[in-house]
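Survey of secondary and tertiary structure
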Amino acid sequence: MEDRGFDLEARLATLEENELNRTLSPVDRVAERGYFAQSCGGELPVLDADEALVFASNNYLGLTDDQRVQDAARRAAATVGTGSGASRLVTGDTMVHRDVERLLAETKGTDRALTFSSGYAANVGTIAALEPDVIFSDELNHASIIDGCRLVDCETVVYDHRDVEDLRAKLAARADRDDAPVDADSASDPNADACSGSDSSASASSDSSSPDGTESWLIVTDSVFSMDGTVAPLSALCDVAEEFGAWVMVDEAHATGLYVDGGGVVQAEGLEDRVHVQMGTLSKALASQGGYVAGSDALISCLVNDARSFVFSTGLTPPAAAAASEALHLARHGDARERLWENVAHLRDGLETMGFDVPGDSQILPVVVGDRRDALALEAALRDRNVVVPAIRPPTVPDGESRLRFAPMATHEQADVVACLEAVREASEEVGLL
Ligand code: PMP
């Protein structure tokens, strides 16, 4: 009989040959609360949470360790339960869900907000539910946006990273084509070029869902780009979107909680009324798990009906919702944001003084090393000095652009930043990068 199965061994062997295999650490090397860089292949010591200096977490405000956040989760587990037991539309809706959604909407300056079981689910579910005819997507957008685009039977046009002029040109080219008579026979597979980095796909979708019956266009971008630390030019993107009547969707996963009054870049730039869909996660600065979308009453009502990752997935766990509420409250009213930005400035300054070029202008500080082996060597040399910053390699970043992605936290002391910088200096000299 022919074997119609899957040759998984061969797949893994190819990954291994190309030094791209990722593994979870062997279980006997995982400390109860420890840090082990899986990318190093099990050779490095396990560091206990108390001895390690972790400079790579998305727990930007350090709130996963905050007693008040932990107590909120405990209380919700004790009073509401450990799980919500069903989709929100069945029996899974509780007051802790409503509380976090109300607080998110207030923070994001929108009518309403809706939580999802992850940021990934929020992105794929929302983009698919909107069913745009054309999506314009930044080339460095997160994988969950790309996967959302792939779920829609539409044309996706990828524009150069943060390049408003490239976006404008692509919107104009598409608008010109729109005006031209459509040759039905020339319509190609609408997904052929979806999020592939090409802007050349051509489809003529007959779905017209905008209010005046023309195509619906969605411009989608991360606000803070997770591997580059760059920030999208949101105000300029809104200007261009308005020229062409397109909607704007912003992924604030790495920004939520960090900017003015606990908001994201949309709040920092006062764009609440110009961004139609504000998406984010509860799993980074908000110290929990889950995702959200904030927007108009109509948007949220549509998502409740049409976002399959909302409708057909169990509601957020009550402890996760309650922890996120408390963390958002602290992000808005505490001093954690201020401490984070002080640490960011200190670390950036130290890395630049050492001679590293640190691109971007957010809390994410990438040190692009280039070769993946050099990045792994630097990671290992830092680990020897109790500093944890895992190497980021392809396919997460392009070949030749492997890097260490430094991310300070609000809970780092000044002395921790000094120790991290000292370790970076020694480690870089040891592996020949300085
Ligand atoms: N968007 C961006 C920009 C992200 O970085 C991430 C997580 N890495 C997500 C969405 C997905 O969020 P979550 O981890 O909550 O699924």
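Every residue gets a number counted from 1 within its own chain, in the order that chain's sequence is written. Reporting of local features is limited, given that this is a predicted model, to residues whose pLDDT is at least 70; pairs of side-chain atoms are given and counted only at 80 or more, and all residues count toward the totals for whole chains, interfaces and linings.

Secondary structure elements follow DSSP: runs of H or I no shorter than four residues count as helices, runs of E no shorter than two count as strands, and numbering proceeds from the N terminus. Tallying secondary structure elements over the protein gives 15 helices and 14 strands in all. To sort residues by burial, count the other C-beta atoms lying within 10 Å of each one's C-beta; a count of 20 or more means buried, 12 or fewer means exposed, and anything in between means partly exposed. C-beta atoms are built from the backbone. The proportion of buried residues among the 434 residues of the protein is 47%. What counts as a contact here is a pair of residues whose C-beta atoms, placed from the backbone, lie within 7 Å. Put simply, 70% of the contacts in the protein that link residues at least 6 apart link residues at least 24 apart.

Our next topic: the site of the ligand. By definition, a residue lies near a molecule or strand when the C-beta atom built from its backbone is within 6 Å of it. As a matter of local geometry, the ligand sits amid 14 residues, with Ser118, Gly119, His142, Ala253 and Thr281 nearest to it. Take the shell around the ligand: its biggest share by element is three residues, from helix H5 (residues 119-130). Three classes are used: nonpolar for Ala, Val, Leu, Ile, Met, Phe, Trp, Tyr, Cys and Pro, charged for Asp, Glu, Lys and Arg, and polar for all others, with Gly counted as polar. Its residues placed into classes, the shell around the ligand shows two nonpolar, 10 polar and two charged.

With that out of the way, let us pick up the domain arrangement of the protein. Domain limits in this description derive from either an automatic procedure or a database domain assignment. Partitioning the protein into domains gives domain 1 (8-51 + 335-430) and domain 2 (69-333). Across the boundary between the two partners, domain 1 contributes 15 residues, which contact 11 residues of domain 2. Elements that contribute at least two residues to the side of domain 1 that touches domain 2 include exactly helix H13 (336-354) and strand S11 (365-370). With three residues, H13 is the largest single contributor of residues to the side of domain 1 that touches domain 2. Looking at side-chain class alone, the side of domain 1 that touches domain 2 contains eight nonpolar, four polar and three charged residues.

To continue, consider the packing of H5 against helix H6 (residues 143-151). Contact geometry for H5 and H6: axes closest at 8 Å, N-to-C directions at 30 degrees. Between H5 and H6, the crossing angle belongs to the class labelled roughly parallel. For the pair H5 and H6, the sense of crossing is right-handed. Listed contacts from H6 to Gly119, Tyr120, Asn123, Val124, Thr126, Ile127 and Ala128 of H5 are Ser144, Ile145, Asp147, Gly148, Cys149 and Leu151. In terms of residue class, the contact of H5 with H6 is built from seven nonpolar, five polar and one charged. The axes used here are C-alpha line fits, helices contributing only the stretch in contact, and every angle between their N-to-C directions lies in the interval 0 to 180 degrees. Angle categories are assigned with fixed cut-offs, so that under 35 degrees is roughly parallel, over 145 is roughly antiparallel, 65 to 115 is roughly perpendicular, and the rest are oblique. For any pair of crossing helices, the crossing counts as left-handed if the nearer helix is rotated counterclockwise from the farther one by less than a right angle, and right-handed if it is rotated clockwise.

A few words on unusual backbone geometry. Most peptide bonds are trans, and most residues other than glycine sit at a negative phi. A cis amide bond, omega 10 degrees, links Pro394 with the succeeding residue Pro395. Among the structural elements, Pro395 can be located in the loop between strand S13 (391-392) and strand S14 (402-406). The residue Arg162 is not glycine, and still its phi comes out positive at about 60 degrees. As for its placement among the helices and strands, Arg162 is situated in the loop between strand S6 (155-159) and helix H7 (164-179). With phi around 50 degrees, Asp261 is a residue other than glycine that occupies positive phi space. Residue position: Asp261 is located in the loop between strand S8 (247-251) and helix H9 (265-268).

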